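Results of the structural survey
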Amino acid sequence: MFEKLVDELLIDIGVVYEKYEHERWNPDYILHNNVWMDAKLSQWTVFESNTIERYKEHCRMLTIVYMRGRRGEISDIIIDKNVRLISVYKFIKQLPKYKQKK
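In this report, the structure presented in the accompanying data block is examined. (Residues numbered from 1 in each chain as written. Predicted model: local features only at pLDDT ≥ 70, side-chain atom pairs only at ≥ 80, totals over all residues. Heavy atoms only, no water.)

**Let's talk about the nonpolar core**
- Counting residues in each nonpolar core, the largest one holds 14 residues, and the members touching the most others are Phe2, Val6, Tyr29, Met37, Val65 and Val88.
- Among the secondary structure elements, those contributing two or more residues to this core are α1 (2-12), β1 (29-31), β2 (35-42) and α4 (88-92).
- Ranked by residue count, the leading element in this core is α1, at four residues.
- Those residues within four positions of Phe2 in sequence are excluded, and the remaining contacts are Ala39, Lys40, Leu41, Val65, Tyr66, Met67 and Val88.
- By size, the runner-up hydrophobic cluster in this structure holds 13 residues, among which are Trp25, Ile52, Tyr55 and Ile77. (Core = buried A, V, L, I, M, F, W, Y, C linked by side-chain atoms within 4.5 Å. Buried < 20%, exposed > 50% of the residue type's maximum accessible area, 1.4 Å probe, protein only. Helix = DSSP H or I, 4+ residues; strand = E, 2+ residues; numbered from the N terminus. Contact = heavy atoms within 4.5 Å.)

Printed below as a string of structure tokens:
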């Protein structure tokens, strides 16, 4: 359900992506320039899964979008040279006010 929300959000803010379009790996989103994104329910889920270890060496940048966690975070959380965590609320703030409430 969260992933469907992120799908709509990315479309609304104009991010072009492909879903699960890699021959070997299975990131939720593949953006231009070999940037991969994965949607997680919480900031902490990332560390419980092996997503970072599986993906970080195969892409230029791995971005984990999470719903629960440090929502007030203004800047991204960089956890490795090519891995960052970003709250979904940072994307929501890019929407027009009437869509932010949705």
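**Section: the sheet that holds β2**
- Read across the sheet, five strands follow the order β1-β2-β3-β5-β4 without closing on themselves; strand pairing throughout is mixed. Only two strands of the sheet have a single neighbouring strand rather than two, namely β1 and β4 (77-80). Neighbouring strand axes in the sheet, compared pairwise and without regard to direction, differ in orientation by 30° on average.
- Both β4 and strand β5 (residues 83-87) contribute to a ladder of three bridges, which runs antiparallel. Within β5, the position partnered with Ile77 by the bridge is Leu85.
- Packing of α1 onto the sheet brings it into contact with β1, β2 and β3 (61-68), and relative to β2 it is tilted by some 135°. (Pairing = 2+ DSSP bridges. Axes fitted to C-alpha atoms, helices over the stretch in contact; angles between N-to-C directions.)

**A short note on the pattern of salt bridges**
- Counting across every chain of the model gives five salt bridges.
- Two residues, Glu3 and Lys19, come together in a salt bridge whose shortest N-O distance is 2.5 Å. One end of the pair, Glu3, is in helix α1; the other, Lys19, is in the loop between α1 and β1, and 16 residues separate them in sequence.
- With relative accessibility at 21%, the residue Glu3 sits in the partly exposed group. (Salt bridge = Lys/Arg side-chain N within 4 Å of Asp/Glu carboxyl O.)

**Overview of the side chain of Asp28**
- Locating Asp28 in the fold gives a position in the loop between α1 and β1.
- Despite its burial, Asp28 remains without a salt bridge, the nearest opposite charge being carried by Lys19 at 5.8 Å.
- Here Ala39 takes part through its backbone nitrogen, which lies 2.8 Å from a polar atom of the side chain of Asp28.
- Ignoring any residue separated from it by four or fewer positions in sequence, one finds Asp28 in contact with Glu3, Glu18, Lys19, Tyr20, Met37, Asp38 and Ala39. (Lys, Arg positive; Asp, Glu negative; His and termini not counted. Polar contact = N/O pair within 3.5 Å; in protein donor to acceptor, adjacent residues only side chain to side chain.)

**Let's talk about the pairing of β2**
- Counting buried positions along β2 yields seven of eight residues, so the element is predominantly enclosed.
- In the sheet, β1 pairs with β2 via three bridges, with the strands oriented antiparallel. Bridged to Leu31 within β2 is Val35.
- Following β1, the chain reverses through three residues before pairing antiparallel with β2; Asn33 in that reversal takes a positive phi of roughly 60°.
- Two elements, β2 and β3, share seven bridges in a ladder whose sense is parallel. Bridging from a neighbouring strand, Ser42 pairs with Arg68 of β3.

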